[in-house]
Amino acid sequence: MNTKQINYSAAYSFADSAVSAVRNPSDIGPDEVIADFFGFRSPEFFEQIEKPQKYTLLHTFIHSVNGFGIQHYLGKVDGEIIISDYGWLLDGAGIPRPVWFTAQEVEDHIDELRDILEAATTTITDAAFQLLFADRTFLFEFGKFIQPFICQLQPGEHPCIASPGVVKRSYFPVWLKNAVFHRDKGRCQLCGCDLTNILVPTETRHIDHMVPLMASGTNDPTNFQLTCESCNTSKGARVHATSHLTYPYW
Ligand SMILES: [Zn+2]
């Protein structure tokens, strides 16, 4: 079991930018720019949609949405703005502020600053992912956001493409099964039945693609939910089957 310290205020800011970008893609720019934000057609992108990776498509997206602006403005704004705009990033990532991180000196250290801000962005991206992974409704939106790009993929581009716009099925690693089971609180996300095997020891757990592969879904960890046997079977090729069921603590 690994543990991490999360600075939530920095993580919420990153998560919020990613959610806004998915809900208002025109604010990012045309499709080519959006595609760049998750490395569309890059080797990493194909690995991410082919089988579940711990560094998910959503990690890539959160990192790009937040990191692009940070890197873009460095070297174009003066020292005072750098200190006031980026100090929280270093603090949020638990990176000590270097001695030269002052309004007077920072402009002489832009290359070093670039590197540590990149490291900070990576750390906070992972924290933001932890927040967003809990929000299945958003993850489903993210799957639909990616969908038009997956639709464009053709067999021959990569071995993971089975037919136009359709990614091959992958196995589910244990770490992913455990994560989805705990996030979904051991309940079928379509009918709400208990799959913890405490009350009903016969129910079988299934991991289900929220956006089905046949409908240009992916094998990214963000596209899965826990379902029971009968919901999994009856869903079949039905597209976009999910629910907004939540189980509050009280
Ligand atoms: Zn069910």
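So, here is what we can say about the structure in this document. (Residues numbered from 1 in each chain as written. Predicted model: local features only at pLDDT ≥ 70, side-chain atom pairs only at ≥ 80, totals over all residues. Heavy atoms only, no water.)

### Side note on the packing of helix 1 (residues 8-23) against helix 6 (residues 110-133)
The contact between helix 1 and helix 6 brings their axes to 8 Å, and the two run at 75 degrees. Judged on the interaxial angle alone, helix 6 and helix 1 are roughly perpendicular. Contact residues: helix 1 offers Tyr8, Ala10, Ala11, Tyr12, Phe14, Ala15, Ala18 and Val19, while helix 6 offers Thr121, Ile124, Thr125, Ala127, Ala128, Leu131 and Leu132. Taken together, the residues of the contact of helix 1 with helix 6 break down into 13 nonpolar, two polar and no charged. (Axes fitted to C-alpha atoms, helices over the stretch in contact; angles between N-to-C directions. Helix = DSSP H or I, 4+ residues; strand = E, 2+ residues; numbered from the N terminus. Parallel < 35°, antiparallel > 145°, perpendicular 65-115°, else oblique. Contact = heavy atoms within 4.5 Å. Nonpolar A, V, L, I, M, F, W, Y, C, P; charged D, E, K, R; others polar.)

### Some points on the packing of aromatic side chains
Overall, the coordinates contain 16 aromatic pairs when judged by the stated rule. In this structure an aromatic cluster arises from ring pairing among Phe38, Phe40, Phe45, Phe46, Phe61, Phe138, Phe142, Phe145 and Phe149. Positioned over the ring face of Phe133 is Arg183, at 4.7 Å from the centre of the ring. (Phe/Tyr/Trp six-rings, centres within 6.5 Å; stacked < 30°, edge-to-face > 60°. Lys NZ or Arg CZ within 6 Å of the ring centre and 35° of its normal.)

### Observations concerning the environment of Leu153
Its place among the elements puts Leu153 in the loop between helix 7 (136-150) and strand 1 (161-163). Spatially, the C-alpha atom of Leu153 lies 9.2 Å from that of Ser216, the residues being 63 residues apart in sequence. With residues up to four places along the chain from it excluded, the contact list for Leu153 reads Phe40, Arg41, Phe45, Phe46, Ile49, Ile161, Ser163, Pro164 and Gly165.

### As for a negative patch on the surface
Together, Asp78, Glu80, Glu105, Glu107 and Asp108 make up a negatively charged patch on the protein surface. Along the chain, Asp108 turns up in the loop between helix 5 (79-92) and helix 6. Taking the relative accessible area as the measure of exposure, Asp108 reaches 64% and is therefore exposed. (Patch = residues over 30% accessible without salt bridge, like charges linked within 9 Å, V, L, I, M, F, W, Y side chains within 5 Å. Areas by Shrake-Rupley, 256 points an atom, 1.4 Å probe, with all protein chains shown as cover. Salt bridge = Lys/Arg side-chain N within 4 Å of Asp/Glu carboxyl O. Lys, Arg positive; Asp, Glu negative; His and termini not counted. Charge placed at Lys NZ, Arg CZ, Asp CG, Glu CD. Buried < 20%, exposed > 50% of the residue type's maximum accessible area, 1.4 Å probe, protein only.)

### Overview of the coordination of the zinc ion
Looking at the zinc ion, the protein donor atoms are Cys188 (SG), Cys191 (SG), Cys228 (SG) and Cys231 (SG), and they sit 2.3 Å from it. Viewed at the metal, the four donor atoms of the zinc ion are separated by angles of 104 to 114 degrees, and the geometry they form is tetrahedral. Along the chain, the residues that donate to the zinc ion are spaced as C-x2-C-x36-C-x2-C. With a gap of 40 residues between them, Cys188 in the loop between helix 8 (174-183) and strand 3 (205-209) and Cys228 in strand 4 (residues 224-228) connect regions that are remote in the sequence. (Donors = N, O, S within 2.8 Å, 3.2 Å for Na, K, Ca; no water. Tetrahedral: all angles 85-135°; square planar, octahedral: opposite > 155°, others 65-115°.)

### Some remarks on empty space enclosed by the protein
The full count for this structure, using the stated rule, is one cavity of 30 Å³ or more. What the largest cavity holds in volume is close to 60 Å³. For the largest cavity, the full set of lining residues is Leu57, Phe142, Gly143, Ile146, Ile150, Val211, Ser216, Gly217, Thr218, Thr222 and Asn223. Considering each element in turn, the lining of the largest cavity owes the most residues, four residues, to helix 7. (1 Å grid on protein atoms, 1.4 Å probe; cavity = no way out; pocket = protein on both sides within 12 Å on 5 of 7 lines; lining within 4 Å. Points joined across faces, edges and corners; volume = space filled by probe spheres on them.)

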